[in-house]
Amino acid sequence: MREWLKNEKTVDRIAPFVAVLFGLIVGVFLILFTKNSPIDGFKYLLQGGIGLKDGQIDNLQKIGKLLLEATPLILAGLAVGFSFRTGIFNIGVSGQMLIGGLAATVIGTQFEMARAIQVPLVIIAAGLAGALWAFIPAILKAKYKVNEVVTTIMMNYIALEVVAYFIRNIIQSPHFDTESAKVLPSATLRIEWLYNMFDRANLNIGIFISLAIAAIYAFVLNKTTFGYELKAVGHNKDASEYAGIKVNTRILQALMISGGMAGLAGVTFYLGNTDHIAIGQLPSYGFDGIVIALLGLNSAIGIILASLLLAFFNVGSGAVKANLVNNVPNQLVPMMIAVIIYFSATALLFKNFIKKLATGKKKGGAK
Amino acid sequence: MLQFLYEIFPYALAFTAPILITAIGGLLSERSGVVNIGLEGLMIIGSFAGAITLWAITKNAQPGDPVTIWMILAGLLASVVAGGLFSLLHAYASISLNANQIISGTAINMLAAALALFLSELITGSERLAVVTGVARVDVPGLSKIPFIGELFFTKTYFTTYMVLAIVFVVWFVLMKKPFGLRLRACGEYPQAAESMGINVIRMRYIGVFLSGCFAGLGGGILVLTYNGEFTGAVNGLGFLALATLIFGQWKPWKVVGASFFFGFMRTMSTMARVNDGLKSLGLPQELYKALPYFLTLVALVIFSKNTVGPKALGETFDSGKR
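Residues numbered from 1 in each chain as written. Chains lettered and ligands numbered in written order. Predicted model: local features only at pLDDT ≥ 70, side-chain atom pairs only at ≥ 80, totals over all residues. Heavy atoms only, no water.

Engineer: Account for the packing of aromatic side chains, with residues named and values stated.
Structural biologist: Residue and element names in this part refer to chain B. The final tally for this structure, using the stated rule, is 22 aromatic pairs over all chains. Ring geometry for Phe-248 against Phe-262: centres 6.5 Å apart, planes inclined by 25°, an arrangement best described as stacked. Here the residue Phe-248 occupies a position in helix α10 (residues 238-248), and Phe-262 occupies one in helix α11 (residues 253-272), the gap between them amounting to 14 residues. Given the relative accessible area of 30%, Phe-262 is considered partly exposed. Between Phe-262 and Phe-263 the ring centres are 5.8 Å apart and the planes differ by 45°, which places this aromatic pair in the tilted class. Taken together, the ring pairs connect Phe-169, Trp-172, Phe-173 and Trp-254 into an aromatic cluster. (Phe/Tyr/Trp six-rings, centres within 6.5 Å; stacked < 30°, edge-to-face > 60°. Helix = DSSP H or I, 4+ residues; strand = E, 2+ residues; numbered from the N terminus. Buried < 20%, exposed > 50% of the residue type's maximum accessible area, 1.4 Å probe, protein only.)

So, in structure tokens, the structure goes:
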């Protein structure tokens, strides 16, 4: 039995690597397909992703950009992972990110305060706004048993329109119709010493927020009764109910906390990475978050590692396109990421297959 | 008021067609028991296939050479085939491999957008692809002369709109009146019972998903060859709007027709809110019209929640041994 448990864990951990491997293989084929050398491709990926050139890293700018890109990815991945742990599927991280970013942008463009007040304020506002945006699908799920997948998708598109309304009517940029005004210096998450340290990369306080949230995530899920109850609900709702856990309340809380983390992703992106919010752009981080949670097996460490990997691909792709002899379409990396998520989805088969081999043919009876 | 309707109707019909056909595709997939949130991606693939086919056909044409109806039909056919083939990825993952249907659908959306843009840049050197001449807007001879009705439904229309309505009629007839349709629906309600009656559930679900891909592909093709006129690698959430339509229409063909027309009408209002005098005087923000369909879908979900209206086995992987 112990042998078998060990085996299952191993299988679980191998699956994400298999998915990434498939992604890389597809990447190699795509590069070959454009009549380039894959070895050069990966050399430039390393050069663009971490600044590795001729075997050494001479400046930290690329690392800074990598961490900058990883910041919202980590938070989005944690948001999705947290909902997965409770057995719910928050596909609305993009919308919650937008609303969090919007709340922070409104405060960050319309009011000027002391920096020591305004920065914490925008961060808290973003987290609360994201959580409130998730409250609607959460209450529908907890009270009316409405499937959260559909409702969170709908909320994404409502969020887009809310943002459009605010930009057109309240926070519009004086120069561009479809953008908000630039965030005031007193509200930006960018800080000078990080900016200088990483050679003008816009790396900001967000990275510390994301790592702190990851630590809290791990602590709550692994060391507290609350976290234990959430996981119990995720495993088996009926049994949890029977054991006296308030299932509906836990679902409501989990989805709102997930939305809060998504909102934080929004503030790190719109007030750190960029300095404005725009009409009609659903951030792709919400969907990348699904890939990340799957690859990271919903654990904090796994999510951080998966975020770094995706950030590495995203940041490095520019150098691949710029340096290869023949033109490589922009979508090389998105293709690889999409292939990775497809194989993460189907990795269950691979796992089930091994499980079946190990236990002999046996399937659960009635639910 | 009448003048306002005359102005807005042709646009509303044009907006409705791609939403409707995609939603009907989604209906076939979901009635067979498979959730398809990949509709957005399938539309993107369809729009790319349609645009690139027309591009390839007309590439060497001299200025002044006409774009014939056959060329346009070839483009639409390519959309259908491409959407159908691409949907098999979703079918394979979610039916044969028992993968989570939501994750598989998300993968389809991401893969479709990336692949379409990748191929577009590889083949034409650009991620945008303009369709120089698409489907022409025509007044239907004879019918457009009927007072009121003619003005509303047969003026400045695309033939694709009627094509879509004809397909919907056929789908309704086969799904609701023919044994095949009953079998397909049985797979979405109680697949174990269906199987016990000798129905091949796996095959039926493959057919459902494949048809959803064909129709969503067609929706993308119609979109790019009619009012959109350009492939940009995105369909701006129309696939998700089709999903909302399907739910708002309670998974029933004629209700979906009504819902999609209503949602198409809202989209038209949103684009016209700033230019039409009548709408300007209402003073409602354009975003409201656009957000309303999604909001109403949420409300509808709450109202339906008392008694399940969707297919009962929707989203469950088929386990033949489950009771």
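This is not the end of the story, as more comes after the structure.
Engineer: For the side chain of Asn-204 of chain A, give the residues involved together with the corresponding values.
Structural biologist: Residues and elements named next belong to chain A. Counting through the fold element by element, Asn-204 comes out in the loop between α7 (192-197) and α8 (206-223). In this structure Asn-204 comes out as buried when scored by relative accessible area, which is 2%. Of note is the side chain of Asn-204, whose polar atom sits 2.7 Å from the backbone nitrogen of Gly-206. Apart from the residues lying within four places of it in its own chain, the contact partners of Asn-204 are Leu-68, Leu-189, Arg-190, Leu-194, Thr-268, Gly-272 and Asn-273. (Polar contact = N/O pair within 3.5 Å; in protein donor to acceptor, adjacent residues only side chain to side chain. Contact = heavy atoms within 4.5 Å.)

Engineer: Summarise the interface of chain A and chain B; cite the residues concerned and give the values.
Structural biologist: Interface size, as often reported, equals the accessible area lost upon joining of the parts. On the chain B side, the residues contacting the 45 residues of chain A number 42 residues. Summing both partners gives a buried area of about 4,000 Å² for chain A against chain B, and 79% of it is carried by carbon and sulfur. The three residues of chain A that bury the most area against chain B are Met-154, Tyr-157 and Tyr-342 of chain A, which together make up 17% of that side's buried surface. Our count for the chain A to chain B interface comes out at two salt bridges. For Arg-168 of chain A, the salt bridge identified is with Glu-287 of chain B, shortest N-O distance 2.4 Å. Between the two partners, chain A and chain B, sit six residue pairs in polar contact (both at pLDDT 80 or more). Among the elements of the structure, α1 (2-33), α5 (115-144), α6 (148-169), α12 (285-295) and α14 (332-359) of chain A are those that each provide at least two residues to the side of chain A that touches chain B. (Buried area = accessible area lost by both parts, 1.4 Å probe. Salt bridge = Lys/Arg side-chain N within 4 Å of Asp/Glu carboxyl O.)

Engineer: Before we move on, can you summarise the pattern of salt bridges with the specific residues and values?
Structural biologist: Between side chains of opposite charge, a pair can form when the charged atoms approach closely. All names here are of chain B. Enumeration over the complete set of coordinates arrives at eight salt bridges over all chains. Between Arg-128 and Glu-230 there is a salt bridge, with its nearest N and O atoms 3.4 Å apart. One end of the pair, Arg-128, is in the loop between α4 (101-124) and β1 (129-130); the other, Glu-230, is in strand β2 (residues 230-231), with 102 residues separating them in the sequence. Judged by its relative accessible area of 27%, Glu-230 falls in the partly exposed class. The partner of Lys-312 in a salt bridge is Glu-189, with the nearest N and O atoms 4.0 Å apart. Note that Lys-312 is positioned in the segment after α13 (286-304) and Glu-189 in helix α7 (residues 179-189), a separation of 123 residues in sequence. The exposure class assigned to Lys-312 is exposed, which follows from its relative accessible area of 57%. Among the residues examined, Glu-189 registers a relative accessible area of 30% and is labelled partly exposed.

Engineer: Describe the packing of helix α1 (residues 2-31) of chain B against helix α9 (residues 201-225) of chain B, and please don't skip the residues or the numbers.
Structural biologist: Residues and elements named next belong to chain B. Remark: α1 packs on α9, axes separated minimally by 7 Å, with the N-to-C direction vectors making an angle of 170°. The angle between the axes of α1 and α9 places the two elements in the roughly antiparallel class. Residues Ala-17, Pro-18, Ile-21, Thr-22, Ile-24, Gly-25, Gly-26, Leu-28 and Ser-29 of α1 form the contact with α9, whose participating residues are Gly-208, Val-209, Leu-211, Ser-212, Phe-215, Ala-216, Leu-218, Gly-219, Ile-222 and Leu-223. In the contact of α1 with α9, the residues fall into 12 nonpolar, seven polar and no charged. (Axes fitted to C-alpha atoms, helices over the stretch in contact; angles between N-to-C directions. Parallel < 35°, antiparallel > 145°, perpendicular 65-115°, else oblique. Nonpolar A, V, L, I, M, F, W, Y, C, P; charged D, E, K, R; others polar.)

Engineer: An account of the confidence of the model for chain B is requested, with residue identities and associated values reported.
Structural biologist: Mean pLDDT over chain B: 87, with 98% of residues reaching 70 or higher. Helix α5 (residues 149-153) of chain B is the least confidently modelled element of chain B, averaging 73 in pLDDT, while α9 of chain B averages 94, the highest of any element. (pLDDT = per-residue confidence, 0-100.)

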